[in-house]
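Residue-level structure breakdown
The residues making up each chain are set out below.
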Amino acid sequence: MKLHIVPAGRGVQWVKLGVQTFFKQPLALAGLFFMFVALMTVLSMLPLIGSPLVLALLPGATLGLMAATREASSGKFPMPLILLSAFRAGHQQLRAMLTLGALYALGFVLVLGCSALVDGGKFAKLYLMGGPTTIETLQEGDFQLAALVAMALYLPLSFMFWHAPALVHWHGVPPVKSLFFSLVACLRNFWAFTVFGLVWAAVFLVFIFVMAALAGFLGSADALSATLYPAAMLMAAMVSVSIYFTFLDSFEFTPGDDT
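Right, let's walk through the structure included here. Remember, it's a predicted structure, so these values are computed and weren't measured experimentally. (Residues numbered from 1 in each chain as written. Predicted model: local features only at pLDDT ≥ 70, side-chain atom pairs only at ≥ 80, totals over all residues. Heavy atoms only, no water.)

Okay, the packing of helix 3 (residues 50–73) against helix 4 (residues 91–119) next. Look at helix 3 against helix 4: their axes get within 8 Å of each other, and the N-to-C directions meet at 130°. One finds that helix 3 runs oblique with respect to helix 4. At the point where helix 3 passes helix 4, the crossing takes the right-handed sense. Note on element contacts: helix 4 touches helix 3 through M97, L100, G101, Y104, A105 and F108, opposite P52, L55, A56, L58, P59, G60 and L63. The residue makeup of the contact of helix 3 with helix 4, split by class, is eleven nonpolar, two polar and no charged. (Axes fitted to C-alpha atoms, helices over the stretch in contact; angles between N-to-C directions. Helix = DSSP H or I, 4+ residues; strand = E, 2+ residues; numbered from the N terminus. Parallel < 35°, antiparallel > 145°, perpendicular 65-115°, else oblique. Left-handed = near helix turned anticlockwise from the far one by under 90°. Contact = heavy atoms within 4.5 Å. Nonpolar A, V, L, I, M, F, W, Y, C, P; charged D, E, K, R; others polar.)

Now the structure itself:
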């Protein structure tokens, strides 16, 4: 396995491959993504342990979505159990994935902890526990600064865990090493990832514009509200599908590697 540097324009291709693969198995991939979101939402509602549990399971759960994408790209129909791929691959891989999940939860808590130093924990509390808030709170300078700090610190954290689940699951890379390789791969392909993010942002903006125009044409705000959420979920599912291709292009694998 070697790190691979791709041109910035490859970010556009990742988006195209994500959309094309999604439409190979739209019902399966959309259904699996909805199941993933529903499961994470239900678990997050558990008192006290909900949020930490979701954070710890997130790397393994996202690996399940990548495994579903791999199945769909090869022309197969991914079944629901594929979401549990990371937790059904044997004791050693399960332990490695759970370690990765614990590291992610710890990293996320540290990010929110740093933001709490700015605003006394208001942003962190809102993010973890939800609940009502006020316009005045959102407009407070320290609250906005805390949000910016959290976003800035989360970027390197997301790079560390972007490829790590796939490296751990498919290639047996130790959890800590997988974080290093993932971070380096993302940094080396920073411009490709920048293009990738910008293209998806543009797609979402066009989507919002089209939905707003359609609602205006129909003269019904209720029609917009009824279709906006499921349509946005479908868009998010396509984004999740495209992540698999960022992994494939960021590494060069030997013939013996299972990709």
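Time to look at the environment of S44. Following the sequence through the fold, S44 ends up in helix 2 (residues 26–44). Using a relative accessible area of 33% as the deciding quantity, one classes S44 as partly exposed. In this structure the C-alpha to C-alpha distance between S44 and A146, which are 102 residues apart in sequence, comes to 23 Å. In contact with S44, other than residues within four places in its own chain, are G50, S51 and V54. Within polar-contact distance, the side chain of S44 engages the backbone oxygen of T41 at 2.6 Å. (Buried < 20%, exposed > 50% of the residue type's maximum accessible area, 1.4 Å probe, protein only. Polar contact = N/O pair within 3.5 Å; in protein donor to acceptor, adjacent residues only side chain to side chain.)

This brings us to the packing of aromatic side chains. Applying the stated criterion across every chain yields a total of 17 aromatic pairs. Ring centres of F190 and W191 lie 5.2 Å apart, and the angle between their planes is 80°; this geometry places the pair in the edge-to-face category. One aromatic cluster in this structure is built from W14, F159, W162, F193 and F196. (Phe/Tyr/Trp six-rings, centres within 6.5 Å; stacked < 30°, edge-to-face > 60°.)

Now for a nonpolar patch on the surface. A cluster of nonpolar residues, L117, V118, L145, L148 and M151, forms a patch on the protein surface that exposes about 530 Å² of accessible area. Contributing elements (two or more residues each) for the nonpolar patch: helix 4 and helix 7 (141–162). Following the sequence through the fold, V118 ends up in helix 4. In this structure V118 comes out as partly exposed when scored by relative accessible area, which is 30%. (Patch = residues over 30% accessible without salt bridge, like charges linked within 9 Å, V, L, I, M, F, W, Y side chains within 5 Å. Areas by Shrake-Rupley, 256 points an atom, 1.4 Å probe, with all protein chains shown as cover. Salt bridge = Lys/Arg side-chain N within 4 Å of Asp/Glu carboxyl O.)

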